[in-house]
Structure formats: C-alpha cells, structure tokens
Amino acid sequence: MKKTLIIGASTNPERYSYKAAYKLKQYGHDIVNVGLKKGEVAGVEIEPMGLIHTDIDTITMYVGAANQKSYLDYILETKPKRIIFNPGAENAELVALAGAIGIDTENACTLVLLSTGQY
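On a predicted model such as this, the values are computed, not experimentally measured, just so you know.

A. The arrangement of the overall build of the protein in detail. Counting its regular elements, the protein contains five helices and seven strands. Written out in order from the N terminus, the α and β elements of the protein read β-α-β-β-β-β-α-α-β-α-β-α. The C-alpha atoms of the protein give a radius of gyration of 13 Å, which matches the 14 Å a tight globule of 119 residues would have. Dimensions along the principal axes, computed over C-alpha positions, put the protein at roughly 35 × 30 × 25 Å. Accessible surface for the protein amounts to roughly 6300 Å². Of this, 51% is attributable to carbon and sulfur atoms. Of the side chains in the protein, 12 bear a positive and 13 a negative charge, and the two mean positions are spaced by 4 Å.

B. Spotlight on the sheet that holds strand 2 (residues 31-34). Spatial strand order, 3-4-2-1-5-6-7: seven strands in an open sheet with mixed pairing. Edge strands, defined here as strands with exactly one partner in the open sheet, are strand 3 (40-41) and strand 7 (104-107). In terms of strand pairing, strand 6 (residues 82-85) meets strand 7 through four bridges, oriented parallel. By the bridge assignment, I84 is partnered in strand 7 with E106. With respect to the sheet, helix 4 (residues 92-100) is in contact with strand 6 and strand 7, its orientation differing from that of strand 6 by roughly 170°.

C. Inspection of the nonpolar core at higher detail. The biggest cluster of nonpolar side chains holds 19 residues, and the ones touching the most others in it are L5, I7, I59, M61, I75 and I83. Contributions of two or more residues to this core are made by strand 1 (4-7), strand 2, strand 5 (58-61), helix 3 (72-78), strand 6 and helix 4. When residues of this core are assigned to their parent elements, the largest contribution, four residues, is made by helix 3. Setting aside its immediate chain neighbours within four residues, I75 contacts I7, I59, M61, P80, I83 and L94. Listed in part, the 18 residues of the second largest apolar core include A21, I31, A42 and Y62.

Definitions and cut-offs
- Residues numbered from 1 in each chain as written.
- Predicted model: local features only at pLDDT ≥ 70, side-chain atom pairs only at ≥ 80, totals over all residues.
- Heavy atoms only, no water.
- Helix = DSSP H or I, 4+ residues; strand = E, 2+ residues; numbered from the N terminus.
- Rg over C-alpha atoms; globule rule 2.2 N^0.38 Å.
- Areas by Shrake-Rupley, 256 points an atom, 1.4 Å probe, with all protein chains shown as cover.
- Lys, Arg positive; Asp, Glu negative; His and termini not counted.
- Charge placed at Lys NZ, Arg CZ, Asp CG, Glu CD.
- Pairing = 2+ DSSP bridges.
- Contact = heavy atoms within 4.5 Å.
- Axes fitted to C-alpha atoms, helices over the stretch in contact; angles between N-to-C directions.
- Core = buried A, V, L, I, M, F, W, Y, C linked by side-chain atoms within 4.5 Å.
- Buried < 20%, exposed > 50% of the residue type's maximum accessible area, 1.4 Å probe, protein only.

Keep in mind these values describe shape, not function.
And the structure:
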C-alpha cells in the first residue's frame, strides 16, 4: 500500500480532498492529512505543514499552484516517490523542481486512479 500525504485536506464533504481521503482509506492506503484548518478526515487528524514524514510514497495535491509556494520546501524535503497534481493543482515549477531530484509527477485525478486500479 502507498502511504499518501494529502495537501489541502478539508473537513468539507464536498471537497475532492475529503473524498480522496476516504477512498484512499477504503483501498487500504495509510494517509496523512495536511491542511490549514483543524479537524479530522477519514479518522485521521489534519495537521499543519511542518512535520516531515519520511515514509511517504505519494503526495496528492489539492491546492492550486498560487497557494503551493509555501509548501515547496516541505514537499521537496518529504521526498515522496511521486506527486499527483489533481485537476486545478497543476504546477510546472514544482514539476521541474521535483523532477530535478528524482520525484515522479503526474497530472491526474487520485479518485480516478483509485477507481481504475492505476493508483
């Protein structure tokens, strides 16, 4: 299973990050929720950016490129194997930075990847 860090985690059931948290857990993946507001999603507390997790396979982005700047160092220090940029979160600058240190990137939808067995 692929431990996944969700950037942009939300307690709002209408948000795709919320849906992805539950779907990831349903498929047996451990998750780490990172967001601005306190709360819990899929039984996992939302934590502020800060603690570097060294066992992350995938970061799935639910924050737009303009708001990702404050996350850049955090993401690169986490050193995931890949970053998924969900629709609306695409970021050419972060793709280049990640690629330079060997992190794979993908413009895709986490929910679709899970549903089609491509996650």
